[in-house]
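Spelled out, the chains give:
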Amino acid sequence: MTADINLQVWLDIIPGTQPSVVVPYVKSPTSGIVQYQLNATKKGLSGTSSISQSGGVRVQADHPTALTRFSMSLGAQDQCKIELTLFANGHETGTYQFDCPRPR
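Residues numbered from 1 in each chain as written. Predicted model: local features only at pLDDT ≥ 70, side-chain atom pairs only at ≥ 80, totals over all residues. Heavy atoms only, no water.

Q: Account for the overall build of the chain, with residues named and values stated.
A: On a plain count of helices and strands, the chain comes out with zero helices and eight strands. Its C-alpha atoms give the chain a radius of gyration of 14 Å, near enough to 13 Å, the size a compact globule of 104 residues would have. Principal-axis analysis of the C-alpha atoms places the extent of the chain at approximately 45 × 25 × 20 Å. Here the chain holds 104 residues, and 36% of them are scored as buried. Accessible area for the chain stands at about 6000 Å²; split by element, carbon and sulfur atoms hold 47% of it. The averaged location of the 7 negative side-chain charges in the chain is 8 Å from the averaged location of its 8 positive side-chain charges. (Helix = DSSP H or I, 4+ residues; strand = E, 2+ residues; numbered from the N terminus. Rg over C-alpha atoms; globule rule 2.2 N^0.38 Å. Buried < 20%, exposed > 50% of the residue type's maximum accessible area, 1.4 Å probe, protein only. Areas by Shrake-Rupley, 256 points an atom, 1.4 Å probe, with all protein chains shown as cover. Lys, Arg positive; Asp, Glu negative; His and termini not counted. Charge placed at Lys NZ, Arg CZ, Asp CG, Glu CD.)

Q: Any chance you could break down the nonpolar core for me, citing the residues and the numbers?
A: In terms of nonpolar packing, the biggest core is built from 21 residues, with Val9, Val26, Leu38, Leu67, Ile82, Leu84 and Leu86 touching the most fellow members. Going through the elements one at a time, strand 1 (8-14), strand 2 (20-27), strand 3 (32-44), strand 4 (47-59), strand 6 (70-72) and strand 7 (79-88) are the ones with two or more residues in this core. Excluding residues that lie within four positions of it along the chain, Val26 makes contacts with Leu7, Gln8, Val9, Trp10, Val59, His63, Pro64, Thr65, Leu67 and Leu86. (Core = buried A, V, L, I, M, F, W, Y, C linked by side-chain atoms within 4.5 Å. Contact = heavy atoms within 4.5 Å.)

Q: I'd like a description of the side chain of Thr68, backed by residues and values.
A: For Thr68, the location among the structural elements is in the loop between strand 5 (65-66) and strand 6. In this structure, Thr68 is in contact with Val22, Val23, Pro24, Tyr36, Leu38 and Gln53, ignoring residues within four places of it in sequence.

Q: Which residues make up the sheet that holds strand 8 (residues 91-99), and what values do they have?
A: Spatially, 4-3-7-8 is the arrangement adopted by the four strands of the open sheet, whose pairing is antiparallel. Of all strands in the sheet, those with a lone pairing partner are strand 4 and strand 8, marking the two edges. Geometrically, the sheet is characterised by an average inter-axis angle of 15° between neighbouring strands, direction not taken into account. Sheet topology note: the strand 7/strand 8 ladder contains eight bridges and is antiparallel. The residue bridging Phe87 from the neighbouring strand is Glu92, located in strand 8. (Pairing = 2+ DSSP bridges. Axes fitted to C-alpha atoms, helices over the stretch in contact; angles between N-to-C directions.)

Q: Please provide a residue-by-residue account of the pairing of strand 4, values included.
A: The two faces of a sheet get side chains in turn, since along a regular strand they alternate between them. Where strand 3 lies against strand 4, 13 bridges are found, and the strand directions are antiparallel. Note on strand 4: the bridge partner recorded for Val34 is Val57. If you look at the hairpin formed by strand 3 and strand 4, you'll find two residues sitting between the two strands.

Q: Any details on the pattern of salt bridges? Residues and values, ideally.
A: In this structure the tally under the stated criterion is two salt bridges. With its nearest N and O atoms 3.9 Å apart, the salt bridge here joins Asp78 to Lys42. Here Lys42 lies in strand 3 and Asp78 lies in the loop between strand 6 and strand 7, a separation of 36 residues in the sequence. No difference in accessibility class separates Asp78 from Lys42, as the two residues are buried. Close ionic contact of Lys81 with Asp99 constitutes a salt bridge, the shortest N to O distance being 2.4 Å. Note that Lys81 is positioned in strand 7 and Asp99 in strand 8, a separation of 18 residues in sequence. For the pair Lys81 and Asp99, one class covers both residues: exposed. (Salt bridge = Lys/Arg side-chain N within 4 Å of Asp/Glu carboxyl O.)

If you want it as structure tokens, here you go:
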């Protein structure tokens, strides 16, 4: 897998979970190993909390792959951001920033 590949990255939540379970996904045009560094930060009335995770997953070409999963309780007024940095062969392929998904 080369470092200049065109990755698709998105977040989803598992329906019916409380607190919400967030799952970041990646889809690659080629098979290989993708490493990730995830940082999620929530700011609200109860203070600030953060989650950091890193690891690696084997992806199959053109198939969505879950990188990890984590849970975060969000109040109506909470602000929450997720930053996800991906690497292939030790080189950064991109950094993606998201607002935390909220239950539908």
